[in-house]
Amino acid sequence: MINSLRARLLAATAVLLLAFIGLTGFALQTAVRDRAEQAEHDRLQGLSYALLGSADITDKGQFKLGQRVLPESNLSRPDSGLYAFVLNEKGSIVWHSPSLLGGLKMPSLPAVGQWQALRVARGKDQQLLTLSFGFRWVTDNGDDYRYTLVVAENSAAFVKQMQRFQGALWTMLSVSALILLIVELLILRWGLAPLRRLARNLSHLQSDDDRRLEGRYPDEIQPLVSNLNTMLANDQARLTRYRNALGDLAHSLKTPMAVLRGIAEDKNLPEDTRGPLRSQLAHMNDILDYQLQKAAAAGRRSLARPLAIAPVAEKLGRALTKVYAEQGTQISVGIDARLRAPIDEGDLTELLGTVMDNAAKYGRGQVVVDAERSRDALWLWIDDNGPGFGEGSNTALLERGVRADSTREGQGLGLAVAAEIVRSYNGDLHLVDSTLGGARVEIRIPDA
Amino acid sequence: MRALVIEDDVDLREQICTRLRQEGYAVDETGEGEEGMFYAKEYPIDIAIIDLGLPGPTGLDIIAEVREAGLDYPILILTARSRWQDKVEGLEAGADDYVVKPFQPEELSARIQALLRRSRGWAQPRLESGDIIVDTTRQEVFVGDQSIDLTAYEYRVLEYLMLHAGEVISKTALTEHIYEENAERDSNVIEVFVRRLRSKLDPDGTRKPIETLRGRGYRLSRDGRNRRPADASSS
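Every chain is numbered independently, its residues counted from 1 as its sequence is written. Chain letters and ligand numbers both follow the written order, the letters beginning at A and the numbers at 1. The predicted origin of the model limits local features to residues at a pLDDT of at least 70 and limits the giving and counting of side-chain atom pairs to 80 or more, whereas totals for whole chains, interfaces and linings rest on all residues. Side-chain numbers come from the whole structure's heavy atoms, not from hydrogens or water.

A few words on helix α8 (residues 414-424) of chain A. When you tally the buried positions in α8(A), you get nine out of eleven residues, the bulk of the element. Just past α8(A), the residue N426(A) takes up positive phi, approximately 60°. Using a 1.4 Å probe on the protein chains alone, a residue whose accessible area is under 20% of its type maximum counts as buried, one over 50% counts as exposed, and one in between counts as partly exposed. The numbering of helices and of strands both runs from the N terminus, where a helix is a DSSP run of H or I of at least 4 residues and a strand a run of E of at least 2.

In structure tokens:
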């Protein structure tokens, strides 16, 4: 299956063109050949008439032809390739032109008054075109003779001529086929240019802040472009709307929860009421957080513009430095400013935010963030110099709900949420040991 | 310390304000963005606690305007949106820390105290000046090993002077940072508080930790001693 419009069109055109050229060549060749053979036939016939015109019978009944009056000089030159001879009733030669040396065996002879054109082989390598005419000669004294006149010409010249013609014909046809194919290629380039422009714009779109296809396209693809633009606009707007709605939901649920959380601290309430109230609220909060975060994750989207990674990480670094100023946490981000990857900004902020926050929270004042691109994926590394994750935590920490009932709030879900985001990009997240002595979170997000 | 609380949920605001007042803060409160914007820019605020999800001008707008006006008191944001994008937006706009709802009341208090200390350049929750020690977490005051019993207002005055140790604080400034906007004030009361503080902190009058600069205000020395003549240019 050919997977390109241009290749398809080109292949179809090439086949069509070759068939057309072939048929044309064949028809031309046949017509010209017929025409040439007819001309040769006519020439031999004319020669026959001329010979017959100068023929006579002697009184003794001998066939005779005046040598002076031979209509073609080639008939007089020995072995010139043009021959004429007359056979009698018994098939013996009664006259032959001086050019004919030796005889010529005719496979058949025409009836009286009939013309017969034949190709006859002579020797090994000669082909003769022959025209025979059967006739009766009645002398004045009433004698009746039956003769056959045979005119023959070596076909070598004819064959050569035909070959030359064919050579010229096929050369011309091949050259014109080639020219046509090149023209066709140019036409295809020109005709398909809007599609190439569309593809180019689509890929540029991925690095452009304005998610819209600009320019006027041919009528056939303009609807496609318009629809794509609508889709792109809606896609972005829907995600924003959706996230805002989730944010509002969080706000309207969490403010009352904060009030309840405050009530849970009221010393006038019995401890056996406050305890469950606190833990249930913490539980509700974790579930809410997890589900909201999960719902807000965009995941992989088509035509997402590749995002610059460094600014997001640096912004988070600045924010977290402020938050952990008390501990004097150093957050260093060493990401190449040119590094880009197709990931949603909200998702990356959430992912890096949770992991970097975790590192700052559990580290001992040092967090290092780095990122790199491999051939087909984005790699992120977040290192800290804290106590590390410990054995067997790899799966447990990433499971949803682990530590949801932890006494310190909002810690159990961080990595589970991060893992969820990474999963939505078909990537993976691993907890390993850092060279800084603490934990390293290693994240791989494949391009597709 | 004077705190501004901008939170549109009445119950939550009341809870926060009650707690802060118990902890010795003078608290101004509002649930409206417009009003909050005015308070934040016009009142002598020491710290602001601002909810991001306000009707009218949002918390972000208020923070941005406060910073644009050149005010640098610490701002703590309350947010229900636990998404990092929202938190980062608030911090980038000029907030110093955030607390996500629902929060533990103690955590809010701890964050506020930490921000206040940090803004005055103190790294520890214990403020020390010579042998005077103020534990801001427990609101306890010691001179040497001895615990000193202070009233709420006396504590407020001492804490403010400690946080601004070495600076000259006018009576007006002290009044403004100790009383809420609509409280009845009498600047003479400040003199009474200072006199009582002096007698409690330095009963035998040897160290003179709080210095009076006539017509200008008070100064608490960094090392708790004022033996040398008053040096007005010290900061």
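Once the structure has been displayed, the description carries forward.
This part is about a nonpolar patch on the surface. On the surface, V175(A), I179(A), V183(A) and I187(A) cluster together to form a nonpolar patch covering roughly 330 Å² of accessible area. Tracing the backbone shows I179(A) in helix α2 (residues 156-205). Residues with no salt bridge and a relative accessible area higher than 30% make up the patches, which join like charges within 9 Å and nonpolar side chains (Val, Leu, Ile, Met, Phe, Trp, Tyr) within 5 Å. The Shrake-Rupley method, run with a 1.4 Å probe, gives the accessible areas here. Residue values count only the displayed protein chains as cover. Salt bridges are defined by distance alone: a side-chain nitrogen of Lys or Arg within 4 Å of a carboxyl oxygen of Asp or Glu.

Reports of interface size often rely on the accessible area that becomes lost once the parts have come together. Boundary definitions for the domains trace back to an automatic or database domain assignment. Annotation of chain A at the domain level lists domain 1 (5-161) and domain 2 (304-448). One C-alpha centre belongs to domain 1 of chain A, the other to domain 2 of chain A; they are set 98 Å apart.

Where side chains of opposite charge bring their charged atoms close, a pairing between them can arise. Residues and elements named next belong to chain A. In the structure shown here, the tally under the stated rule is 39 salt bridges over all chains. A salt bridge links E37 to R119; the nearest nitrogen and oxygen atoms lie 2.9 Å apart. With E37 in helix α1 (residues 5-53) and R119 in strand β5 (residues 115-122), this residue pair connects regions lying 82 residues apart in the sequence. Residue class for E37 comes out partly exposed when judged on its relative accessible area of 30%. Since its relative accessible area comes to 38%, R119 is described here as partly exposed. Here R43 ties to E153 by a salt bridge, and the two come within 2.5 Å at their closest N and O atoms. Linking R43 in helix α1 with E153 in strand β7 (residues 144-154), this pair joins segments that are 110 residues apart in sequence. Classification of E153 as buried rests on a relative accessible area of 15%.

Within the secondary structure, A7(A) sits in helix α1. Each C-alpha atom, one on A7(A) and one on I287(A), is 55 Å from the other, the two residues being 280 residues apart in sequence.

We now examine the pairing of strand β12 (residues 217-220) of chain B. In this scheme, strands are said to pair when DSSP sees at least two bridges between them. In terms of strand pairing, strand β10 (residues 168-169) of chain B meets β12(B) through two bridges, oriented antiparallel. The residue bridging I169(B) from the neighbouring strand is Y218(B), located in β12(B).

Now for the interface of chain B and chain A. When checking whether two residues touch, look at their non-hydrogen atoms; a contact exists if any pair is within 4.5 Å. The interface of chain B with chain A comprises 33 residues on the first partner and 36 residues on the second. Note on chain B versus chain A: buried area summed over both sides is about 2900 Å², and carbon and sulfur give 54% of it. Each of two parts loses accessible area, computed with a 1.4 Å probe, when they are put together; buried area is these two losses added. The largest share of the area that chain B buries against chain A comes from R83(B), W84(B) and P102(B), three residues that together contribute 26% of it. Summed over the shared surface of chain B and chain A, the result is three salt bridges. In this structure, E326(A) and R117(B) form a salt bridge, with 3.2 Å as the shortest nitrogen-oxygen distance. Here a polar contact is taken to be a pair of N or O atoms separated by no more than 3.5 Å, where protein atoms must pair a possible hydrogen donor with a possible acceptor and residues adjacent in sequence count only if both atoms sit in side chains. Run the count over chain B and chain A and you get nine residue pairs in polar contact (both at pLDDT 80 or more). When contributions to the side of chain B that touches chain A are tallied by element, the ones reaching two or more residues are α1 (10-22), α4 (84-93), β5 (97-100) and α5 (105-119) of chain B.

Before going further, it helps to examine the sheet that holds strand β6 (residues 126-138) of chain A. Residue and element names in this part refer to chain A. Reading across the sheet, the five strands line up as β4-β3-β7-β6-β5 and stay open at both edges, with antiparallel pairing between neighbours. The strands lining the two open edges of the sheet, one partner per strand, are β4 (93-96) and β5. Within the sheet, the average angular offset between the axes of one strand and its neighbour, ignoring direction, is 25°. One ladder, built from seven bridges, connects strand β3 (residues 82-88) with β7; its direction is antiparallel. Axes, fitted as lines to C-alpha atoms, cover a helix only where it is in contact. Angles between the N-to-C directions of the axes lie from 0 to 180 degrees.

Now for the domain arrangement of chain B. Residues and elements named next belong to chain B. What the domain assignment lists for chain B is domain 1 (2-119) and domain 2 (126-220). In this structure, domain 1 and domain 2 have C-alpha centres spaced 26 Å apart. Contacts between the two partners involve 16 residues from domain 1 and, on the opposite side, 14 residues from domain 2. Of the roughly 1300 Å² buried between domain 1 and domain 2, counting both surfaces, carbon and sulfur atoms make up 44%. By the criterion of area lost to domain 2, the three top residues of domain 1 are R2, Q113 and R117, representing 34% of everything that side buries.

Moving on to the pairing of strand β11 (residues 366-373) of chain A. All names here are of chain A. In this sheet, β11 lies alongside strand β9 (residues 330-333) in parallel orientation, the contact comprising four bridges. Counterpart to I331 in the pairing with β11 is V367. Across seven bridges, the pairing between β11 and strand β12 (residues 377-384) is antiparallel. Considered in β12, the bridge of A371 is made with L380. Connecting β11 to the next strand, β12, in antiparallel fashion are three residues.

We now examine the sheet that holds strand β11 (residues 210-213) of chain B. Residue and element names in this part refer to chain B. Reading across from one edge, β10-β12-β11 is the order of the three strands in this open sheet, with antiparallel pairing throughout. Of all strands in the sheet, those bounded by a partner on one side alone are β10 and β11. In this structure, β11 lies alongside β12, joined through four bridges in antiparallel fashion. Across the sheet, residue I210 finds its bridge partner in β12, namely L220. On top of the sheet, helix α6 (residues 152-163) reaches β10, β11 and β12; it is set at about 70° to β12, its chief contact. In the packing of helix α8 (residues 187-201) onto the sheet, contacts are made with β11 and β12, and the angle to β11 comes to roughly 145°.

The next point concerns the packing of aromatic side chains. Ring pairs shown here join Phe, Tyr and Trp side chains whose ring centres sit within 6.5 Å, with only the six-membered ring taken for Trp; geometry is labelled stacked below 30 degrees between planes, edge-to-face above 60, and tilted in between. Following the criterion strictly, the structure yields 13 aromatic pairs over all chains and no others. Ring centres 6.2 Å apart and planes at 15° place the aromatic pair W379(A) and W381(A) in the stacked group. Centroid distance W84(B) to Y98(B): 5.9 Å. Interplanar angle 80°. Geometry classified as edge-to-face. Linking W84(B) in helix α4 with Y98(B) in strand β5, this pair joins segments that are 14 residues apart in sequence. In this structure, W84(B) and Y98(B) share a single accessibility class: buried.

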